[in-house]
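# Per-entry structural report
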2 protein chains.
Amino acid sequence: MLIQLVQIKVQPGHRDAFLRAFRLNWEGTRTEPGNIRFDLLCDPEDENSFSVYEMFRDEAALDAHRATEHFRKCIELIDPIMAERRSKRFFLPVMVEGAAADRG
Amino acid sequence: MLIQLVQIKVQPGHRDAFLRAFRLNWEGTRTEPGNIRFDLLCDPEDENSFSVYEMFRDEAALDAHRATEHFRKCIELIDPIMAERRSKRFFLPVMVEGAAADRG
């Protein structure tokens, strides 16, 4: 299982464009068999600062995600409106519903 | 909807005791009607550094959670083995499956 929290900072004035672009990716990703969680979240203090809590069954599922049209189209649309490089924080699952086996 | 990422740092040598205590809380919390996500995660670089990705329907659901025996018992058991104060990061839901209404 692969879990990551992706930080996305959008340039001021481009929030709506970002949400339109991300909506395609969100709707498509939730139909992927290898995806378990894909939550788009926002910082209560900064409406242009987003986090995506992502959980995929395994590396192959994440690779398949990155090969999809909805992911590629989203990246194409949001890259020009990023305020900074996206960053990622990785996690290991310990007790996660839907995890193949808890590693408690 | 209330979303938070709780950071928990356990004193070295107490990981198993922490997991035993948290297991009670995890199993109980997932039966609470107001709980949507309760993922216990670990830092790949530090086996004593945990994060809990928590999502509750609303403030009342989180209050109900804090009043449960499984939560109180867990806190009682883990407080003495914390390496530092627990910290929390809050999020707003933008596109979350299970959210009453997407605020895209």
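Quick summary incoming for the structure in this document.

Conventions adopted
Residues numbered from 1 in each chain as written. Chains lettered and ligands numbered in written order. Predicted model: local features only at pLDDT ≥ 70, side-chain atom pairs only at ≥ 80, totals over all residues. Heavy atoms only, no water. Phe/Tyr/Trp six-rings, centres within 6.5 Å; stacked < 30°, edge-to-face > 60°. Helix = DSSP H or I, 4+ residues; strand = E, 2+ residues; numbered from the N terminus. Buried < 20%, exposed > 50% of the residue type's maximum accessible area, 1.4 Å probe, protein only. Least-squares fit on C-alpha atoms with pLDDT ≥ 70 in both. Contact = heavy atoms within 4.5 Å. Salt bridge = Lys/Arg side-chain N within 4 Å of Asp/Glu carboxyl O.

## Concerning the packing of aromatic side chains
Across all of its chains, the model carries seven aromatic pairs over all chains by this definition. Aromatic side chains A:Phe22 and A:Phe38 sit 5.7 Å apart centroid to centroid with 10 degrees between the ring planes, which places their arrangement in the stacked category. Residue A:Phe22 is located in helix 1 (residues 15–29), and its partner A:Phe38 is located in strand 2 (residues 35–43); the two are separated by 16 residues in the primary sequence. The same class applies to A:Phe22 as to A:Phe38, namely buried. For the pair B:Phe18 and B:Phe22, a centre-to-centre distance of 5.6 Å together with 35 degrees between the ring planes defines the contact as tilted. Of the two residues, B:Phe18 and B:Phe22 both sit in helix 1 (residues 15–29), four residues apart, roughly one turn of that helix. Per residue, the accessibility class of B:Phe18 equals that of B:Phe22, and both read buried.

## As for the relation of the copies chain A and chain B
Each copy of the sequence occupies a distinct position, and chain A is placed on chain B by a rotation of 180 degrees and an axial shift of 0.0 Å, giving an RMSD of 0.0 Å. Both chain copies can therefore be described as sitting about a two-fold axis. Proximity to the rotation axis, assessed at the C-alpha, singles out A:Tyr53 in chain A; its C-alpha lies 4.5 Å from the axis. When the interface residues of chain A are mapped onto chain B, 100% of them again lie at the interface, so the same face is used by both copies.

## Overview of the pattern of salt bridges
Pairing between side chains becomes possible if they bear opposite charge and their charged atoms approach one another. The full count for this structure, using the stated rule, is 14 salt bridges over all chains. In this structure, A:Arg66 and A:Asp63 form a salt bridge, with 3.9 Å as the shortest nitrogen-oxygen distance. Of this pair, A:Arg66 and A:Asp63 are both found in helix 2 (residues 59–66), three residues apart, which corresponds to roughly one turn of the helix. Under the relative-accessibility criterion, A:Arg66 is labelled partly exposed at 32%. Two residues, B:Lys9 and B:Asp46, come together in a salt bridge whose shortest N-O distance is 3.2 Å. Pair noted here: B:Lys9 is in strand 1 (residues 2–9) and B:Asp46 is in strand 3 (residues 46–56), with a separation of 37 residues, a long-range link. Of the residues examined, B:Lys9 reaches a relative accessible area of 26% and is grouped as partly exposed.

Remember that the coordinates give geometry; whether it matters functionally is a separate question.
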